[in-house]
Amino acid sequence: MSNKKNWPLWEIFIRSRQGLHHKHVGSLHAPDAEMAINNARDVYTRRQEGISIWVVESTAITASAPEDGAALYDPANDKVYRHPTFYDLPDEVGHM
Amino acid sequence: MDIGILEKGFQQHVDAEKKIEAKDWMPEKYRNTLIRQISQHAHSEVVGMLPEANWITRAPSLRRKVALLAKVQDEAGHGLYLYSAAETLGAERADLVEALNDGSAKYSSIFNYPTLTWADIGAIGWLVDGAAIINQVMLQRTSYGPYSRAMIRICKEESFHQRQGYEMMLTLCNGSPEQKAMAQDALNRWWWPSLMMFGPTDKDSPNSALSMKWKIKRKSNDELRQDFVDNSVPQAKILGITIPDPDLKWNEERGHYDFGTIDWEEFYNVIKGNGPCNRQRVEARKTAWEKGRWVRDAAVAYADKKKNKEKDAA
Ligand SMILES: [Fe+2]
Ligand SMILES: [Fe+2]
């Protein structure tokens, strides 16, 4: 059983405080999810970095291809009308 | 696509100060250089725990003991962040651990020196962590994203390491004459090995130019070493102890301290495995790995059992 094989890799997400999203902080190896959470607590929350931990096996994540980055970014580039500053309102309206 | 075009695009990306991420195309040599550098860095964090662990049970007060424990625990974490960064480049954790345990991997030469007195723990925090910080602050801006992020995290944790060491030195230097002599003795033994931590001189590190071009490194070994000397001199003055270098003096023209020649023969000797503690360090790693085997096996057996139970229930 103690062959050279690695334990599965887990990606670690931490919610730093109530009301915020969980954010990716790093990864670690562990035999199962429970141990992954225990290890994540020791490694990634030694200084009150978080109040909640998610662990996800790395193989469960599907990622977009890096060369598709432009295709994700560019189409939104010329759609300025998606931003509030595109719309002209008189000053007396105030903040809207 | 033509490899020349890919390489050109890669260099432009780096020159524009954009990070390279794990799935991006990169030259094979960039990948291999990083795997070697990051894994050596990880090994250094792990082996670096050993000289300090030597004193945990003998710390002179609870305050010092909890600080040292927390520091050593941080170093374990640093090792983990760095192994993870190396793995994003395709390295296998098991292979990296094996290379450390069979003695074929390199780690920082400084950890092959012994910690003879309690003052050595102060000197390590002050000088060794101080030197590491100078290197790591630079590496926060390295071009490889996962390495850079690991460094940012590490630097945040690192500053307490140097402060607790320097505070320890201050206490000794303000104590009895014997305590001050202990601090001086520790400085005498750790000063030159600390200077060696930055590696060979620029003219003797042929791979440095490429690492600079790829922005893996942002400063040369000699530049970093000079920063370290310039930082340390006033700190030693405050402690009231003397850096063991008769050639150390302020150079008005350069705006830096001049310092004496490093004993490079000693440096290469330690690198080759003939330092005072090389064998002992690798032995300690091997023993820890062997003694931990039953824990690793039990964890896997438990995980398998749980998985099978879930399957049976379904
Ligand atoms: Fe560290
Ligand atoms: Fe440290």
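Residues numbered from 1 in each chain as written. Chains lettered and ligands numbered in written order. Predicted model: local features only at pLDDT ≥ 70, side-chain atom pairs only at ≥ 80, totals over all residues. Heavy atoms only, no water.

Student: Would you take a moment to explain the sheet that holds strand β3 (residues 52-57) of chain A for this structure?
Tutor: Remark on secondary structure: sheet strands pair via backbone hydrogen bonds, oriented parallel or antiparallel. Residues and elements named next belong to chain A. With antiparallel pairing, three strands are arranged side by side in an open sheet as β2-β1-β3. Of all strands in the sheet, those bounded by a partner on one side alone are β2 (22-29) and β3. The average undirected angle you get between the axes of adjacent strands in this sheet is 30 degrees. Two strands pair when backbone bridges link them, and strand β1 (residues 9-15) and β3 are joined in this way by six bridges, in the antiparallel orientation. In the strand pairing of β3, I14 is matched with I53. Packed on one face of the sheet, helix α1 (residues 33-44) meets β1, β2 and β3 and runs near 110 degrees to β2. (Pairing = 2+ DSSP bridges. Helix = DSSP H or I, 4+ residues; strand = E, 2+ residues; numbered from the N terminus. Axes fitted to C-alpha atoms, helices over the stretch in contact; angles between N-to-C directions. Contact = heavy atoms within 4.5 Å.)

Student: Got a minute to help me understand the coordination of the iron ion (ligand 2) in this structure?
Tutor: All names here are of chain B. Ligation of the iron ion (ligand 2) by protein atoms is provided by E75 (OE), D129 (OD), E158 (OE) and H161 (ND1), these donors lying 1.7 to 2.2 Å from the ion. If you look at the iron ion (ligand 2), its four donor atoms make angles of 86 to 162 degrees with each other, and the shape they trace is irregular. Here the donor residues for the iron ion (ligand 2) map to a single chain with the spacing E-x53-D-x28-E-x2-H. Here the iron ion (ligand 2) and the iron ion (ligand 1) are spaced 3.4 Å apart, with E75 acting as a shared donor. Residue D129 is located in helix α6 (residues 118-139), and its partner H161 is located in helix α7 (residues 145-173); the two are separated by 32 residues in the primary sequence. In this structure, D129 and H161 share a single accessibility class: buried. (Donors = N, O, S within 2.8 Å, 3.2 Å for Na, K, Ca; no water. Tetrahedral: all angles 85-135°; square planar, octahedral: opposite > 155°, others 65-115°. Buried < 20%, exposed > 50% of the residue type's maximum accessible area, 1.4 Å probe, protein only.)

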